[in-house]
Amino acid sequence: MNEDTIGTMAVSVTVNGHVYTGDCEPRLTLADFLRHRCGLTGTHLGCEHGVCGACTILVDGRSARACLMLAVQADGATITTVEGLSGGGELNSLQEAFWDNHGLQCGFCTPGMLMTATELLDENPEPDAAEVRECLSGNLCRCTGYDAIVTSVLDAARRMRG
Ligand code: FES
Ligand code: FES
């Protein structure tokens, strides 16, 4: 089948408080929609088959692999990407904790780590280290050895509790 005969479908999503509307091929992934249609390249693509977690975003408040969702599946959804964490150019508490505790090196995995940790801290404001490790077990990092990431999330939890 020629691509021209497949047709397109309308998609409208709210991303970080902004509405993005457009036609796209039904096979377009949500990750590619965010990166190429919305210009939100903070959502990274590593494995593109649901293993590495680099593409993790929040869809209606729940973490999701943007590489495993089609853009058309997200029609009508409210999405948060890593760009939506900072307000007015200021890092939020979680991002500051990653910065202060060296929770990143190359930074490739960091958007996914941040989004997964955001969901964790929303649901559990006082996790212990084991719970942080369990939660982040679906996010792969090739650089840090994970200790600094876990420390960062625990520090962020303390900061957010005041
Ligand atoms: Fe989506 Fe790896 S790029 S899980
Ligand atoms: Fe490099 Fe995690 S900081 S992959």
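This structure is a prediction, so every number in the text was calculated from the model and none was measured.

Engineer: In this structure, what is going on with the side chain of H44? I would like to understand it.
Structural biologist: Relative to the helices and strands, H44 is located in the loop between α2 (30-37) and β3 (56-59). Engagement of the side chain of H44 in a polar contact is seen with the backbone oxygen of F108, the distance being 2.7 Å. Dropping the residues within four chain positions of it, H44 is found in contact with R35, A54, C55, G107, F108 and P111.

Engineer: Sorry if this is basic, but what is going on with the environment of A66 here?
Structural biologist: With respect to the helices and strands, A66 occurs in the loop between β4 (62-65) and β5 (78-80). The spacing of A66 and R133 is 67 residues in sequence and 22 Å in space, taken between C-alpha atoms.

Engineer: Would you explain the packing of helix α4 (residues 110-123) against helix α6 (residues 147-161) in this entry?
Structural biologist: Axes are the key here: two packed helices are described by the angle between their axes and the distance separating the axes. Across the interface, α4 lies against α6 with an axial gap of 11 Å and an inter-helix angle of 45 degrees. In terms of axis orientation, α4 runs oblique to α6. Crossing angle aside, the handedness with which α4 passes α6 is right-handed. The segment α4 lies against α6, with M113, A117, L120 and L121 engaging I149, V153, A156, A157 and M160. Among the residues forming the contact of α4 with α6, the class breakdown is nine nonpolar, no polar and no charged.

Rules of the game
Residues numbered from 1 in each chain as written. Chains lettered and ligands numbered in written order. Predicted model: local features only at pLDDT ≥ 70, side-chain atom pairs only at ≥ 80, totals over all residues. Heavy atoms only, no water. Helix = DSSP H or I, 4+ residues; strand = E, 2+ residues; numbered from the N terminus. Polar contact = N/O pair within 3.5 Å; in protein donor to acceptor, adjacent residues only side chain to side chain. Contact = heavy atoms within 4.5 Å. Axes fitted to C-alpha atoms, helices over the stretch in contact; angles between N-to-C directions. Parallel < 35°, antiparallel > 145°, perpendicular 65-115°, else oblique. Left-handed = near helix turned anticlockwise from the far one by under 90°. Nonpolar A, V, L, I, M, F, W, Y, C, P; charged D, E, K, R; others polar.

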